[in-house]
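Close look at the chain arrangement
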Amino acid sequence: MLCARRQALAGALLVVAYTGLIASADGITKLLAGQYAAAQLYALSGAMVAVFCLLADRLPGQRGGFRTACPRAMALRSVATLIAAVCFFYAFRLLPFAEVFVFIGLMPLLAGAMSGLVLKEPVRPAAWIALAAGFAGVLFLLPHNDGGAHADWGHIIAFGAVVSGTFSMTMARFIGRYESNALAQVLYPNLTLCAAMLLVLPFVWLPMPLADVAWAAAYAFLLFGARWLLVVALRLLASYAVTPLMNLQFIWMAVIGAVFFGEFPPASTYLGGAIVIASGLYLVWDQFAPAMPRLRSAGRLRTDP
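Residues numbered from 1 in each chain as written. Predicted model: local features only at pLDDT ≥ 70, side-chain atom pairs only at ≥ 80, totals over all residues. Heavy atoms only, no water.

1. Considering the packing of helix α2 (residues 38-56) against helix α9 (residues 210-236)
Relative placement of two packed helices is described by the angle separating their axes and the distance separating the axes. Applied cut-off: To define axes, lines are fitted to C-alpha atoms, for helices over the stretch in contact only, and angles between the resulting N-to-C directions are given on a 0 to 180 degree scale. Counting from the N terminus, the helices are the DSSP runs of H or I reaching at least four residues and the strands are the DSSP runs of E reaching at least two. For this classification, under 35 degrees means roughly parallel, over 145 means roughly antiparallel, 65 to 115 means roughly perpendicular, and everything else is oblique. Each helix crossing is assigned a hand: it is left-handed if the near helix lies turned anticlockwise from the far helix by less than a right angle, otherwise right-handed if that turn is clockwise. By definition in these notes, contact holds between two residues if any of their heavy atoms fall within 4.5 Å. Residue polarity is assigned by list, with Asp, Glu, Lys and Arg as charged and Ala, Val, Leu, Ile, Met, Phe, Trp, Tyr, Cys and Pro as nonpolar; anything else, Gly included, falls into the polar class.
Remark: α2 packs on α9, axes separated minimally by 8 Å, with the N-to-C direction vectors making an angle of 55 degrees. Classified by the angle their axes make, α2 and α9 are oblique. For the pair α2 and α9, the crossing hand works out as right-handed. Here L41, Y42, S45, M48, V49, F52, C53 and A56 of α2 come into contact with α9, specifically with A216, A217, Y219, A220, F221, L223, F224 and W228. Across the contact of α2 with α9, the residue classes break down as 15 nonpolar, 1 polar and no charged.

Given below as structure tokens:
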């Protein structure tokens, strides 16, 4: 029981750290999306993340190499990551920054469905209620739609992003059952992203000032750290418990929006954030709740004369 508690807590803390890193990376995406094509940003950042992986593998105690025991699952994860990255890029271009994240609120529900279908991890009825409550909390965070001309396409692309992104995370948890090398799960999707974008890059390349190159490098570093933490977290928690905690990005986005974009959220944002956090904490607790009756029964058997 104690081990399960510690595992759940460690996984939750890793996801919280992940949300801070990925929200910062998304802020840079929003900053650069209006100036450059997706191919240019992702060719650079994908190559940089791959280099970070190679350097990290040389650290003492790491040196695990990049051999994978699940090549087919890794290929599926890599393709899903490629699709998700491109879709999120254009979703941020076509939709208001905060509006994209209402679709991220769908990810716990999608993860619950995929956990049952792909991972054979059934979601308890109470957990489904918490998932629905978490999505309801996300709705409080959705700004009023201003009826932009690209809203329809933007919503379709955003939905494609969360479906492919959730599937990528599901594959990460599947692979984590058979191997513990988190760096491999970061390296191959980013190599796939870089290779695919290099094919398009000659047609869309624009000269980048040094400041924008620095932003791209910062994005790559944040993305590397975020994806590494997420892979480790998915070994500790089921994907449907990880994704509600990922909605903590809204809190980070409120801070980033206020500090860097001058966007101050209404009171409903804080109410929605509280609901999201509560549902996420319940789903973390739900990871070890099924073991409690068994442990209590075992304790009674030990104490009975």
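2. Considerations on the environment of V79
As a reminder of what qualifies: Throughout this description, buried means an accessible area under 20% of the type-specific maximum (1.4 Å probe, protein chains only), exposed means over 50%, and partly exposed covers the range between.
Within the secondary structure layout, V79 lies in helix α3 (residues 71-94). What makes V79 partly exposed here is its relative accessible area of 44%. It is 8.7 Å that separates the C-alpha atoms of V79 and S164, two residues lying 85 residues apart in sequence.

3. A look at the packing of aromatic side chains
The condition is simple: Ring pairs are drawn from Phe, Tyr and Trp, using the six-membered ring of Trp, whenever the two centres fall within 6.5 Å, and their geometry is named by plane angle: stacked under 30 degrees, edge-to-face over 60, tilted for the rest.
Overall, the coordinates contain 7 aromatic pairs when judged by the stated rule. A ring pair is formed by F52 and F221, whose centres lie 5.8 Å apart and whose planes are at 90 degrees; its orientation type is edge-to-face. Taken together, the residues span a long stretch of sequence, with F52 in helix α2 and F221 in helix α9 at a distance of 169 residues. Residue F52 is classed as partly exposed on the basis of its relative accessible area of 23%. Assessed through its relative accessible area of 53%, F221 is described here as exposed. Relative to W228, the ring of F224 lies with its centre 5.4 Å away and its plane at 50 degrees, an arrangement referred to as tilted. One end of the pair is F224 and the other is W228, both in helix α9 and 4 residues apart, which spans about a single turn. Overall, W228 belongs to the partly exposed group, its relative accessible area being 24%. Ring-pair connections join several aromatic residues into one group, and the members of that group are Y42, F89, Y90 and Y219.

4. Quick look at a nonpolar patch on the surface
Operational definition: Patches here: salt-bridge-free residues with over 30% relative accessible area, like charges joined within 9 Å, nonpolar side chains (Val, Leu, Ile, Met, Phe, Trp, Tyr) joined within 5 Å. Only the protein chains shown count as cover for residues, and all accessible areas are computed by the Shrake-Rupley method using a 1.4 Å probe. We count a salt bridge whenever a side-chain nitrogen from Lys or Arg sits within 4 Å of a carboxyl oxygen from Asp or Glu.
Taken together, the side chains of L199, V200 and F203 make up a nonpolar region of the molecular surface, amounting to roughly 370 Å² of accessible area. Inspection of the secondary structure assignment puts F203 in helix α8 (residues 182-204).

5. Description of the packing of α2 against α8
Close contact between α2 and α8 brings their axes to 7 Å; oriented N to C, the two are set at 150 degrees. Taken as a pair, α2 and α8 cross one another with a handedness that is left-handed. Within the contact between the two elements, α2 uses A38, A39, Q40, Y42, A43, G46, A47, V49, A50, C53 and A56 and α8 uses L183, V186, L187, N190, L191, L193, C194, M197, L198, V200, L201 and V204. Here the residues of the contact of α2 with α8 are counted per class, giving 20 nonpolar, 3 polar and no charged.

6. Focus: the nonpolar core
Stated formally: Definition of nonpolar core: a set of buried residues of the types Ala, Val, Leu, Ile, Met, Phe, Trp, Tyr and Cys, connected through side-chain atoms within 4.5 Å.
If you look at the biggest cluster of nonpolar residues, it comprises 67 residues, and the most contacted ones within it are Y42, C53, F88 and M246. If you list the elements that add at least two residues to this core, you get α1 (2-33), α2, α3, α4 (97-104), α7 (151-176), α8, α9 and α10 (239-246). Once residues lying within four places of it in the same chain are set aside, the contact partners of M246 are V15, Y18, T19, M107, M169 and L230.

7. Points about the side chain of Q40
Rules: We call two N or O atoms a polar contact when they sit within 3.5 Å, provided that within protein one can donate a hydrogen and the other can accept it, with sequence-adjacent residues counted only if both atoms are side-chain atoms.
Position of Q40 relative to the elements: it lies in helix α2. Reaching out from Q40, the side chain makes a polar contact with the backbone oxygen of L206 at a distance of 2.6 Å. When near neighbours in sequence (up to four residues on either side) are disregarded, Q40 contacts L201, V204, W205, L206 and M208.

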